[in-house]
Amino acid sequence: MTDSPAARAAKLLHLRRRKLRKGEPVPLPLTMAAMFNLPGNPAGHSQYGRFDNPTWDAVEELLSHLEDAPTVAFPSGMGAISAVLFSQLKSGDRVLLPSDGYYTTRVLAERFLKPLGVSIHLRATGAFLDGGFAGYRLVFVETPANPTLEICDIAAVSAAAHSAGAIVVADNTTMTPFGQRPLDLGADIVVAADTKAPNGHSDVLFGHVASRNAEVIAAVKEWRKLAGAIPGPFEAWLVHRGLETLELRFDRMCSSADTIAQRLKGHPRIKALRFPGLADDPAHNLARAQMDRFGFLIVLTLESETAADNFIGGCELIQPATSFGGVHTSAERRARWGDAVAPGFVRLSIGCEPVEELWTALEAALGTA
Ligand SMILES: *Cc1c(COP(=O)(O)O)cnc(C)c1O
């Protein structure tokens, strides 16, 4: 039986206590160490800072608890994605990636996997099941996709991909383990950027890989150790602190996003609006079936680049920035990076501001957009 999100959230705050000896600090100590005291036989002990670190262990314990699976921490979301792709693929393999997801994943594959003999194929998230998965070694989904918020059916993709002999990787960055648990839906591997809501304070990059397949975990751990893509202990410590309030922040952010999306609907300045929680969103039924929450991202399209820039720049409670998931509401016009979206397309990341204050500010900025 898997715990409810509420039970997981409550237990997370008391995991550390179970191991504390009398007189030890309640908060997690930060261990900055390249060397460890290591006389004689090194087996079974911390050996070197590229192999182990007690602060990584602590953050991995929290992430494993949330994913209900062994977890390996990385210095960024892309570090986690690289570890999976480079440890699982070899020359001659075919990989299927979302055409509308996080663009760096596609660029990485094209730039570094293709020259090694891996063939890269793309498919739109909203039609991910179309065409099946015959001949693929690895199928990579991102749902809801960043930035389109298109959704694909993780359970159906996993079943079809498995019967075709492929492994399924799900990028769960937009949802966090409190919003969706792809491993429970049949995916083999979760990758995520903890840079976003899990850390939540926009001051750290971090990522993780989770899997219930022991060979996958061993391979990504070995990749981390040999490639040297290791998280800094201080970053791990900050993410550990962030995870202690993730449920609280995520709950506020998702609830506020829901309220705000309902109110944005039908606003005369908005040409298009996507939020999985809206009853008439094309992905709503699927979202209800596989997600615990509808997330904190809303995408809206205004009539032009200028209208979008004026909205973002003119709102006193929007931080103009790339990235998302922080305590402060933030937004950006995605076409400025070349995403295949309209010039007035805005990705809005709802933060932790009290919702009525936030709505008042958003509505005022829209009025002058
Ligand atoms: C941000 C992001 C990443 C990459 O994370 P970094 O920590 O910036 O490397 C990967 N996938 C998705 C969906 C993201 O939004």
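Above this text is the structure in question.
This section reports on the structure supplied with the text. (Residues numbered from 1 in each chain as written. Predicted model: local features only at pLDDT ≥ 70, side-chain atom pairs only at ≥ 80, totals over all residues. Heavy atoms only, no water.)

## Considerations on the overall build of the protein chain
Logical step 1: Summing up its helical and strand segments, the protein chain has 12 helices and 12 strands in all.
Logical step 2: What you see for the protein chain is a C-alpha radius of gyration of 21 Å, in line with the 21 Å of a compact globule of 369 residues.
Logical step 3: The dimensions of the protein chain, computed from C-alpha atoms along their principal axes, are 75 × 55 × 40 Å.
Logical step 4: Out of the 369 residues in the protein chain, the part that is buried amounts to 51%. (Helix = DSSP H or I, 4+ residues; strand = E, 2+ residues; numbered from the N terminus. Rg over C-alpha atoms; globule rule 2.2 N^0.38 Å. Buried < 20%, exposed > 50% of the residue type's maximum accessible area, 1.4 Å probe, protein only.)

## Digging into a nonpolar patch on the surface
Logical step 1: Judged by side-chain polarity, Leu30, Met32 and Phe234 come together as a nonpolar surface patch covering roughly 280 Å² of accessible area.
Logical step 2: Secondary-structure assignment places Phe234 in helix α8 (residues 233-244).
Logical step 3: Residue classification places Phe234 among the partly exposed residues on the basis of a relative accessible area of 38%. (Patch = residues over 30% accessible without salt bridge, like charges linked within 9 Å, V, L, I, M, F, W, Y side chains within 5 Å. Areas by Shrake-Rupley, 256 points an atom, 1.4 Å probe, with all protein chains shown as cover. Salt bridge = Lys/Arg side-chain N within 4 Å of Asp/Glu carboxyl O.)

## A short note on the packing of helix α2 (residues 54-67) against α8
Logical step 1: Axis separation between α2 and α8 bottoms out at 8 Å; the angle between their running directions is 35°. For the pair α2 and α8, the crossing hand works out as left-handed. The segment α2 lies against α8, with Thr55, Trp56, Ala58, Val59, Leu62, Leu63 and Leu66 engaging Pro233, Ala236, Trp237, Val239, His240 and Leu243. (Axes fitted to C-alpha atoms, helices over the stretch in contact; angles between N-to-C directions. Left-handed = near helix turned anticlockwise from the far one by under 90°. Contact = heavy atoms within 4.5 Å.)

## Focus: the sheet that holds strand β2 (residues 94-98)
Logical step 1: Across the sheet, which stays open at both edges, the 7 strands sit in the order β1-β7-β6-β5-β4-β2-β3 with mixed pairing between neighbours. A strand with exactly one partner marks an edge of an open sheet, and here the two such strands are β1 (71-74) and β3 (119-123). Strand-to-strand twist of the sheet, defined as the mean angle between neighbouring strand axes without regard to direction, takes the value 20°.
Logical step 2: Bridge count between β2 and β3: 5 bridges; the pairing is parallel. Residue Leu96 lies in a different strand from β3, and its bridge partner there is His121. (Pairing = 2+ DSSP bridges.)

## Looking at the environment of Ser87
Logical step 1: Within the secondary structure layout, Ser87 lies in helix α3 (residues 77-88).
Logical step 2: Residue class for Ser87 comes out partly exposed when judged on its relative accessible area of 25%.
Logical step 3: If near-sequence neighbours (up to four positions away) are discounted, Ser87 is found in contact with Ser82, Ala219, Val220 and Trp223.

## A closer look at the pattern of salt bridges
Logical step 1: Counted under the stated rule, the structure contains 21 salt bridges.
Logical step 2: Salt-bridge contacts for Glu150 lead to Arg274; the nearest nitrogen and oxygen are separated by 3.0 Å. Of this pair, Glu150 sits in the loop between β4 (138-142) and α5 (154-163) while Arg274 sits in strand β8 (residues 272-274), and the two are 124 residues apart along the sequence.
Logical step 3: Among the residues examined, Arg274 registers a relative accessible area of 16% and is labelled buried.
Logical step 4: Note that Glu332 and Arg336 form a salt bridge whose closest N and O atoms lie 2.7 Å from each other.
Logical step 5: With relative accessibility at 1%, the residue Glu332 sits in the buried group.
Logical step 6: Look at Arg336 and you get partly exposed, because its relative accessible area is 48%.

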